[in-house]
Each structure stands twice: as C-alpha cells, then as structure tokens.
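What the coordinates show
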Amino acid sequence: MINPFIKILGVIILMIGIVSCDSNKVFEEYIEVANANWQKENVASFEFEAKDTTVAHNLYINVRNTGDYAYSNLYLFVTMEGPNGGLLKDTVNCILADNRGKWLGSGVGDLWDLRIPYVGGFKFAQSGKYIVSLEQAMRVEDGLNCITDIGLRVETVK
C-alpha cells in the first residue's frame, strides 16, 4: 500500500506541473449555456484587464458542444470594447468538425472542447478593462441546441 504522504506529494507535483505549463495565460473563462440551448439574445460577455500594451497576445474562442450538435460550424458576432469605449466588431465562422463530420478538438464521452484561434499577435492599444462579447449568429429560430459552454482565452505570445 502506498504511503498517504507520497500520494499527497504526487498530487501537489502534478498540480504544479499543470499550472506551470500554462504560464502565458492572461485570461480564460467559460460561460455555461443554459440547458445547452443558446438563444440569440443570450450574449456571453467576458471582462478582463489588459496590463501590457507592448506584448503581443493571442485570443481564442473556446467552444464546448455535444456530439448531437446539428452543424459542423458556429457563426458568431464578436464585439470587443476597449477602455476608451472604442468598439471592434467581427463575424467569425468557427469550424467545429471536418468535412467528414469528425469533431475537432478533444472529446470526453459525448462532449467536445475546441480552442479556435481568433486573433493572433494582437497588441492592446491601451491598458485597462476590455469586454469581449460573443453572440451566436446562426439563423435558428428556437435556439442553438447542443452548445454547452462558450469561452474566451487571452494569452501572451511566446
């Protein structure tokens, strides 16, 4: 039988390894989609602080969907509001499956998680609070089924 102290030490070492592998992360958050049915009026907003305007950043859109999602992509309206109130608006086509229908990203059971590059090498014009809003832009009347979570990740470029 393994000594409990060795088990605890092993868990601590594992946690340190996981945290240290993600040292370039500035911000990452997911918002759960109620009942895995994303209504058009439900906008996911993420607020973070940009501190360094000299370093380039990569921005990612994170999508979690079930294997029952009816489409191979997800159109989003993306809005970024800067500290001075300036707005950047964009429409993004997130490809979730290949042309054979195989889900991209990593999957556990029937849940798929995909990090989609949105903007690479982006330098924030000002330090301060930024708000990025994601709105589903699919033309579906009664909500977009099988999207379970939507997220945003900001990391420094290494």
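Quick look at the structure, then.

Some thoughts on the environment of L104
Here L104 shows up in the loop between β6 (87-95) and β7 (106-108). Between the C-alpha atoms of L104 and I116, which are 12 residues apart in sequence, the distance is 9.9 Å. L104 has contacts with I95, L96, A97, D98, W112, D113 and L114, leaving out every residue within four places of it along the chain.

Overview of the side chain of N65
Relative to the assigned elements, N65 resides in strand β4 (residues 57-66). A residue is classified by how much of its surface remains accessible, and N65, at 2% relative accessible area, is buried. Those residues in contact with N65 that sit more than four places away from it in its chain are L96, W103, D110, L111, W112, C146, I147 and T148.

Quick notes on the sheet that holds strand β5 (residues 73-81)
Read from one edge of the open sheet, 4 strands run β3-β9-β5-β6, paired in antiparallel fashion. One side of each edge strand has no neighbouring strand; the edge strands of this open sheet are β3 (44-50) and β6. Direction aside, neighbouring strands of the sheet carry axes that sit 20° apart on average.

Structural notes on the packing of aromatic side chains
Applying the stated criterion across every chain yields a total of 7 aromatic pairs. Relative to Y130, the ring of F48 lies with its centre 6.1 Å away and its plane at 15°, an arrangement referred to as stacked. Taken together, the positions of F48 in strand β3 and Y130 in strand β9 (residues 128-136) put the pair 82 residues apart, joining distant regions of the chain. Y130 gets classed as buried once you look at its relative accessible area, which sits at 5%. Across from the ring centre of Y30, 3.7 Å away, lies the NZ or CZ of R64, which sits over that ring.

How each quantity is defined
- Residues numbered from 1 in each chain as written.
- Predicted model: local features only at pLDDT ≥ 70, side-chain atom pairs only at ≥ 80, totals over all residues.
- Heavy atoms only, no water.
- Helix = DSSP H or I, 4+ residues; strand = E, 2+ residues; numbered from the N terminus.
- Contact = heavy atoms within 4.5 Å.
- Buried < 20%, exposed > 50% of the residue type's maximum accessible area, 1.4 Å probe, protein only.
- Pairing = 2+ DSSP bridges.
- Axes fitted to C-alpha atoms, helices over the stretch in contact; angles between N-to-C directions.
- Phe/Tyr/Trp six-rings, centres within 6.5 Å; stacked < 30°, edge-to-face > 60°.
- Lys NZ or Arg CZ within 6 Å of the ring centre and 35° of its normal.

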